[in-house]
Amino acid sequence: MKAFPMRRNTLVLGATLLILAIFAWAGWANWEYRRQEAERLLSGAGRGELVPAPGGGTPQYISPLIGKTAPAFELKDLNGNKVSLANYRGKAVLINFWATWCGPCRVETPWLIELRNKYAAQGFEVLGVDTEGDDLKPDDKAGWSKATAAASKFVAQEKVPYPVLLDGDSISRAYGGLDDLPISFFVNRKGVVVTAQVALTSESDIESKIQKALNQ
Amino acid sequence: MHPLTKRVGTAVMVLAIGVVAARGQGLGSKAQSRPLLKTEAVTYLFPEQVSVPAGKPSQVALHFRIAQGLHINSHTPNYEYLIPTTFSIPDGSGVQLDAATYPAGSLMTLTYDPTTKLSVYTGEFIIQARIVATAGNHLVEGKLHYQACDNNACMPPKTITVAIDVIGK
């Protein structure tokens, strides 16, 4: 009968160790979950989502910037002049992030030129923000020179009439990351983002968004 | 059953249920997020390790996979403004890339631009790398540079690491 207390002690010790192990695992699991959530939130700060359209139409890009003042920026244009978004207060502005290696961006550019010319008299402007140097290091002078030359060549070839700004990557975070191109933000006369668009849609879709920016 | 055993058993079960429920709640909220982007367009498949004769040029077939619905430019895209896919091995790894042979691209025309014929890779593709390794074990971190698009949007150019353990014998 002496075996029972010993067996009981073993059982208690085993159970205690098991409980401690569960506590340790729960603590680790909780820490890991919080770490992953923090990473997700950090990486997703300001990022939008593509929401499928009812009936399988063009997905809507829902940016957290919609309804908020467009993040301020000052970038150099192709001639080295500083251009600030604040200079366009009172006008509706389409901020179009693009790059020469982006085929859909090249397709979209003639539409933007046409619409810019159509609505300029109503107080509308396009700001083309080039993101050519996305994978370039700041000290890569040759790389930046090549990127600027590529943008200049395309702008000259297409006779782009609106300002084209360089180093768009420096403001990408404020605009939710530029993981897909083209991305456009439609800003009203008060400087508020009224709608946004990611990927190539259609000229009529862009036009309706310009009208929204002009009228809201 | 001994009362103590019963109590311990109950406590363990309650704890386990609580922990599982807490984890489940966390996973549930995460599953609701819908990412906009495909973060990894290209994945390196294999080989992870190769043995080659030291000092002699050797062929290694590097296998890659492109995510469904995406394409990347071939090594020889049809337009100078497109970014070609390239493979390189940084200096100082003990392994030199003598030459790389890339597959021919498939011609692709996108609906929005029927006049432009792209030369692209889709699905899986293989780069034949001719390497020369010195004797010994080398953990090589090759680099694959590419730029991916789907039908309506493009992702920025990216460089991924191609990790291979090269044993020069």
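Residues numbered from 1 in each chain as written. Chains lettered and ligands numbered in written order. Predicted model: local features only at pLDDT ≥ 70, side-chain atom pairs only at ≥ 80, totals over all residues.

A. How the structure looks around the overall build of chain B. When helices and strands are tallied, chain B shows 1 helix and 12 strands. Along its sequence from the N terminus, chain B presents helices and strands in the succession α-β-β-β-β-β-β-β-β-β-β-β-β. Put simply, chain B has 169 residues, and 25% of those count as buried. Counting contacts in chain B only where the partners sit at least 6 residues apart, residues at least 24 apart contribute 72% of the total. (Helix = DSSP H or I, 4+ residues; strand = E, 2+ residues; numbered from the N terminus. Buried ≥ 20, exposed ≤ 12 C-beta atoms within 10 Å, placed from the backbone. Contact = placed C-beta atoms within 7 Å.)

B. Geometry of the overall build of chain A. Helix and strand counts for chain A stand at 4 helices and 9 strands. Here chain A, with 216 residues, has 33% of them falling under the buried criterion. Put simply, of all contacts in chain A between residues at least 6 apart along the chain, 71% involve residues at least 24 apart.

C. Main features of the sheet that holds strand β3 (residues 58-66) of chain B. Residue and element names in this part refer to chain B. Pairing is antiparallel in the open sheet, where 4 strands are placed in the order β1-β3-β9-β6. In the strand order of this sheet, the two ends are held by β1 (42-46) and β6 (95-101), each with one partner. Going from strand to strand, the sheet's axes swing by 35° on average, the running direction of each strand aside. When β3 meets strand β9 (residues 124-133), the two strands line up antiparallel, connected through 8 bridges. Counterpart to Val-60 in the pairing with β9 is Ala-129. (Pairing = 2+ DSSP bridges. Axes fitted to C-alpha atoms, helices over the stretch in contact; angles between N-to-C directions.)

D. Layout of the pairing of strand β8 (residues 183-187) of chain A. Residue and element names in this part refer to chain A. Burial analysis of β8 places 5 of its 5 residues in the buried class, the great majority of the element. Alternating positions in β8 separate into two faces, Ile-183, Phe-185 and Val-187 on one and Ser-184 and Phe-186 on the other, with burial throughout. Strand direction decides the pairing type here: strand β5 (residues 92-98) and β8, joined by 5 bridges, are antiparallel. Counted as the bridge partner of Leu-94 is Phe-186 from β8. Bridging between β8 and strand β9 (residues 193-198) involves 5 bridges; their strand directions are antiparallel. By the bridge assignment, Phe-185 is partnered in β9 with Ala-196. Counting the residues that bridge the hairpin from β8 to β9 gives 5 residues, and of these Gly-191 lies at a positive phi of roughly 90°.

E. Geometry of the confidence of the model for chain B. Overall, the prediction assigns chain B a mean pLDDT of 84, with 77% of residues at 70 or greater. Low pLDDT, under 50, characterises residues 18-38 of chain B; the predicted model gives this stretch 18 contacts beyond four residues in sequence or across chains. (pLDDT = per-residue confidence, 0-100.)

F. Highlighting unusual backbone geometry. Residues and elements named next belong to chain A. The omega torsion of the bond from Leu-181 to Pro-182 falls at -5°, within 30 degrees of zero and hence cis. Locating Pro-182 in the fold gives a position in the loop between β7 (164-165) and β8. The phi dihedral of Lys-159 is positive, around 55°, even though this residue is not glycine. Given 8 C-beta atoms within a 10 Å radius, Lys-159 is considered exposed. Notably, Ala-199 is not glycine yet its phi reads approximately 75°, a positive angle. Position of Ala-199 among the secondary structure elements: in the loop between β9 and α4 (203-215). Taking the number of C-beta atoms within 10 Å as the measure of exposure, Ala-199 has 22 and is therefore buried.

G. Up close: the nonpolar core. Ranked by internal contacts, the top residues of the largest apolar core, which has 77 residues, are Leu181(A), Phe185(A) and Val187(A). No other element matches the 6 residues that β5(A) contributes to this core. (Core = buried A, V, L, I, M, F, W, Y, C linked by C-beta atoms within 7 Å.)

H. Quick look at the sheet that holds strand β10 (residues 136-146) of chain B. Residue and element names in this part refer to chain B. On the basis of which strands lie adjacent, the open sheet formed by 4 strands has the order β2-β12-β10-β5 and mixed pairing. Two strands bound the open sheet, and with one partner strand each, they are β2 (49-52) and β5 (86-88). Between one strand axis and the next, the sheet turns by 30° as a mean value, whatever way the strands run. The pairing of β2 with strand β12 (residues 158-168) spans 4 bridges and is classified as parallel. In the strand pairing of β12, Val-52 is matched with Gly-168.

I. Structural context of α4(A). Residues and elements named next belong to chain A. Its 13 residues place the ends of α4 18 Å apart at the C-alpha level, agreeing with the 18 Å of an ideal helix rising 1.5 Å per residue. The complete set of buried residues in α4 reads Ile-206, Lys-209, Ile-210 and Ala-213. Viewed end-on, α4 has its buried residues packed into an arc of 105°, placing them on one side of the element. Of the exposed residues in α4, the ones pointing more than 90 degrees away from its buried face are Ser-204 and Asn-215. Those residues of α4 hidden inside the fold are in contact with β5, α2 (103-119), β6 (124-130), β8 and β9. (Expected span 1.5 Å × (residues − 1). Arc of directions from axis to C-beta.)

J. Spatial organisation of the confidence of the model for chain A. Of all residues in chain A, 85% attain a pLDDT of 70 or more, and the chain-wide mean is 86. Within the model, pLDDT remains below 50 along residues 40-45 of chain A, and this stretch shows 0 contacts once partners closer than five positions in the same chain are excluded.

K. Quick look at helix α3 (residues 141-158) of chain A. All names here are of chain A. Compared with an ideal rise of 1.5 Å per residue, which puts 18 residues at 26 Å, α3 spans 26 Å between its outermost C-alpha atoms and is within 8% of the ideal. Regarding α3, the residues found buried are Ala-147, Ala-151, Phe-154 and Val-155. Angularly, the buried residues of α3 cover 100° about the axis, an arc narrow enough to put them on a single face. For α3, exposure combined with an orientation more than 90 degrees from the buried face picks out Lys-141, Ala-142, Ser-145, Ala-149, Ala-156 and Gln-157. Looking at the buried residues of α3, the elements they touch are β6 and β7.

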